[in-house]
Amino acid sequence: MQFTRQHFDLLESTSRHLAELNLSESPEGLCIVADAQSDGQGRQGRIWFSPPGENLYFSILLKPAVEPSLAVTLPLLAGICVAQTLDSFGLTAQIKWPNDIWIGGRKVCGVLCEMQIIDGMPAIICGIGINVNQRSFPPELDSIATSMNLCAEKSFDREAVLNRFLDVLGINYFLWLKSGFGLFAEFLDAHNALRGKTITVVQGNRELSGAAGSINPDGTLSLLLADGTRANISSGEAHLKRG
Ligand code: BTN
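Since the structure is predicted, the reported quantities are computational estimates derived from the model, not experimental observations. Counting starts from 1 at the beginning of each chain's written sequence and moves along it residue by residue. The model is predicted, so local features are restricted to residues of pLDDT at least 70 and side-chain atom pairs to those at 80 or more, both for listing and for counting; the totals for chains, interfaces and linings are taken over all residues. Based on all heavy atoms of the structure, the side-chain values leave hydrogens and waters out of the count.

Q: What exactly am I supposed to notice about the sheet that holds strand 11 (residues 230-233) here?
A: Between any two strands, at least two bridges found by DSSP are needed for them to pair. Helix and strand assignments follow DSSP, with helices taken as H or I runs no shorter than four residues and strands as E runs no shorter than two, numbered in order from the N terminus. One open sheet holds the five strands; their spatial order is 11-10-9-8-12, and the pairing between them is antiparallel. The open sheet has two free edges, formed respectively by strand 11 and strand 12 (237-240), since each of these has just one partner strand. Averaged over all pairs of adjacent strands, the angle between their axes in this sheet comes to 45°, without regard to strand direction. In terms of strand pairing, strand 9 (residues 206-215) meets strand 10 (residues 221-225) through four bridges, oriented antiparallel. Residue Gly-210 lies in a different strand from strand 10, and its bridge partner there is Leu-225. Each axis is a line fitted through C-alpha atoms, taken for helices only over the stretch in contact, and angles between the N-to-C directions span 0 to 180 degrees.

Q: Could you clarify how one ought to interpret unusual backbone geometry in this entry?
A: Leaving glycine out, the prevailing phi sign among residues is negative, and the prevailing peptide bond configuration is trans. Trp-97 connects to Pro-98 through a cis peptide bond whose omega is 0°. You can see Pro-98 is positioned in the loop between strand 4 (93-96) and strand 5 (100-103). Even without being glycine, Gln-44 reaches a positive phi, approximately 55°. At Glu-153, a position not held by glycine, the phi torsion is positive, near 55°.

Q: What exactly am I supposed to notice about a nonpolar patch on the surface here?
A: A surface patch of nonpolar side chains, about 270 Å² in accessible area, is lined by Val-72, Met-115 and Ile-117. For Val-72, the position within the fold is in the loop between strand 3 (56-62) and helix 2 (74-88). To count toward a patch, a residue needs a relative accessible area over 30% and no salt bridge; like charges are then connected within 9 Å, while nonpolar side chains (Val, Leu, Ile, Met, Phe, Trp, Tyr) are connected within 5 Å. For the accessible areas, the method is Shrake-Rupley and the probe is 1.4 Å, while residue cover comes only from the protein chains on display. We define a salt bridge as a contact between a side-chain nitrogen of Lys or Arg and a carboxyl oxygen of Asp or Glu at a distance within 4 Å.

Q: Hey, could you run me through the packing of helix 2 against helix 4 (residues 158-179) in this one?
A: The description of two helices packed together rests on the angle between their axes and the distance between the axes. Remark: helix 2 packs on helix 4, axes separated minimally by 9 Å, with the N-to-C direction vectors making an angle of 135°. With respect to each other, helix 2 and helix 4 are oriented oblique. The way helix 2 lies across helix 4 gives a crossing that is right-handed. For the pair helix 2 and helix 4, the contacting residues are Leu-74, Leu-77, Ala-78, Ile-80, Cys-81, Val-82, Gln-84, Thr-85 and Ser-88 in the first and Val-161, Arg-164, Phe-165, Val-168, Leu-169, Asn-172, Tyr-173 and Trp-176 in the second. The residue classification treats Ala, Val, Leu, Ile, Met, Phe, Trp, Tyr, Cys and Pro as nonpolar and Asp, Glu, Lys and Arg as charged. All others, Gly included, are polar. In terms of residue class, the contact of helix 2 with helix 4 is made up of 12 nonpolar, four polar and one charged. When describing relative orientation, an angle under 35 degrees is termed roughly parallel and one over 145 degrees roughly antiparallel, while 65 to 115 degrees is termed roughly perpendicular and anything else oblique. Crossing handedness is read from the near helix: turned anticlockwise from the far helix by less than a right angle, it gives a left-handed crossing, and turned clockwise, a right-handed one. Contacts were defined at the residue level, with two residues in contact if any of their heavy atoms lie within 4.5 Å.

Q: Explain helix 2 to me, please; I cannot follow it from the model alone.
A: Counting along an α-helix, one turn takes 3.6 residues, and residues three or four places apart therefore face a common direction. For a helix, the expected span equals 1.5 Å multiplied by the residue count minus one. A rise of 1.5 Å per residue sets the reference length of helix 2, with its 15 residues, at 21 Å; its end C-alpha atoms lie 21 Å apart and thus fit the reference within 8%. Three exposure classes are used, based on accessible area relative to the maximum for each residue type with a 1.4 Å probe and protein chains only: buried under 20%, partly exposed in between, and exposed over 50%. The buried fraction of helix 2 amounts to 12 of the 15 residues, a majority that puts the element mostly inside the structure. Where helix 2 is concerned, the buried positions are Leu-74, Pro-75, Leu-76, Leu-77, Ala-78, Gly-79, Ile-80, Cys-81, Val-82, Ala-83, Thr-85 and Leu-86.

Q: Teacher, can you tell me more about the sheet that holds strand 4 here?
A: Neighbouring strands of a sheet are bound in pairs by backbone hydrogen bonds; such pairs are parallel or else antiparallel. The sheet built from seven strands is open, its strands ordered 1-2-3-7-6-5-4 with mixed pairing. Each edge of the open sheet carries a strand with a single partner, namely strand 1 (4-11) and strand 4. Adjacent strand axes in the sheet meet at a mean angle of 20° when their direction is disregarded. Against the sheet, helix 2 touches strand 3, strand 4, strand 5, strand 6 (106-118) and strand 7 (121-130), its axis set at about 165° to strand 4. Helix-sheet contacts for helix 4 involve strand 1, strand 2 (30-37), strand 3 and strand 7, and the interaxial angle to strand 3 is about 25°.

Q: It is not clear to me how the site of the ligand should be interpreted in this structure. Could you clarify?
A: To be near a molecule or strand, a residue needs just one of its heavy atoms within 4 Å of it. Surveying the vicinity of the ligand reveals 20 residues, the closest of which are Ser-13, Gln-37, Gln-41, Arg-43 and Lys-107. Measuring from a nitrogen atom of the ligand, one finds a side-chain N or O atom of Ser-15 at 3.4 Å. With respect to the ligand, the side chain of Lys-107 contributes an N or O atom lying 2.5 Å from an oxygen atom. Taking 410 Å² as the accessible area of the ligand by itself, protein coverage stands at 99%. For the shell around the ligand, the secondary structure elements donating two or more residues are helix 1 (14-19), strand 3, strand 6 and strand 7. Element by element, the count of residues in the shell around the ligand is highest for strand 6, at four residues. Think of a polar contact as two N or O atoms within 3.5 Å of one another; within protein, one of them needs to be a possible hydrogen donor and the other a possible acceptor, and neighboring residues in sequence only count if both atoms come from side chains.

Q: Quick question: what am I supposed to make of the pattern of salt bridges here?
A: Side chains carrying opposite charge are able to pair once their charged atoms draw close together. In this structure the tally under the stated criterion is 10 salt bridges. A salt bridge links Glu-159 to Arg-5, with the shortest nitrogen-to-oxygen separation between them at 2.8 Å. With a gap of 154 residues between them, Glu-159 in helix 4 and Arg-5 in strand 1 connect regions that are remote in the sequence. In this structure Glu-159 comes out as partly exposed when scored by relative accessible area, which is 34%. Taking relative accessible area as the criterion, Arg-5 reaches 28% and is therefore assigned partly exposed. A salt bridge links Arg-16 to Asp-39; the nearest nitrogen and oxygen atoms lie 3.1 Å apart. With Arg-16 in helix 1 and Asp-39 in the loop between strand 2 and strand 3, this residue pair connects regions lying 23 residues apart in the sequence. We classify Arg-16 as partly exposed; its relative accessible area is 25%.

If you want it as structure tokens, here you go:
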């Protein structure tokens, strides 16, 4: 895939900027990067804290020639690419299903993908925020967030991190198109932050608790419930039972 980058000093949100373009005419691989966001979008309507000069905020347009139902594993694929990128810089990253990347139990990256269907084909806006050099967080994030810099005790060149990520995405996206998501099962198992942990998955008003198992080839999370049955969870927010 060819990546075409557009850099901005400040956007409300890189994903919103991309969504406002004419996606049917925009090339696959278009990558909108901002130094800062004034209204960065997180999951569940949350704000993604996006101060200037420290982190990476970018959104990539993907237009895979697959049925929309097969594109649901792309957010996880993006997370795998982030984890491999961080690993390549000497960090030990884990994937917290469905969309977070953790280092040492704290969130270093969030992925938020939105899919549109254009003429029956999926167009995915894949928004990624990586905390690269940030060393302090607002009080509400202080105990749950981290950055590459805090974990490695050194600063990183943001451009080098983005370049590496795009290289990794280019390779993995090609493999995903050719062979499917199952190819990444081994990596996911080895980097699954939730496996074996007692968790609660919140899906709107519904909560399901159990022991997290593997991430399945369709991207669902296997959960062993208290009554001994297994549920395959396709979406939701997973919370670890602390203590
Ligand atoms: C999450 O809540 O974990 C997902 C956060 C995704 C943030 C990124 S930053 C770049 C892109 N633009 C946005 O407005 N959001 C995503």
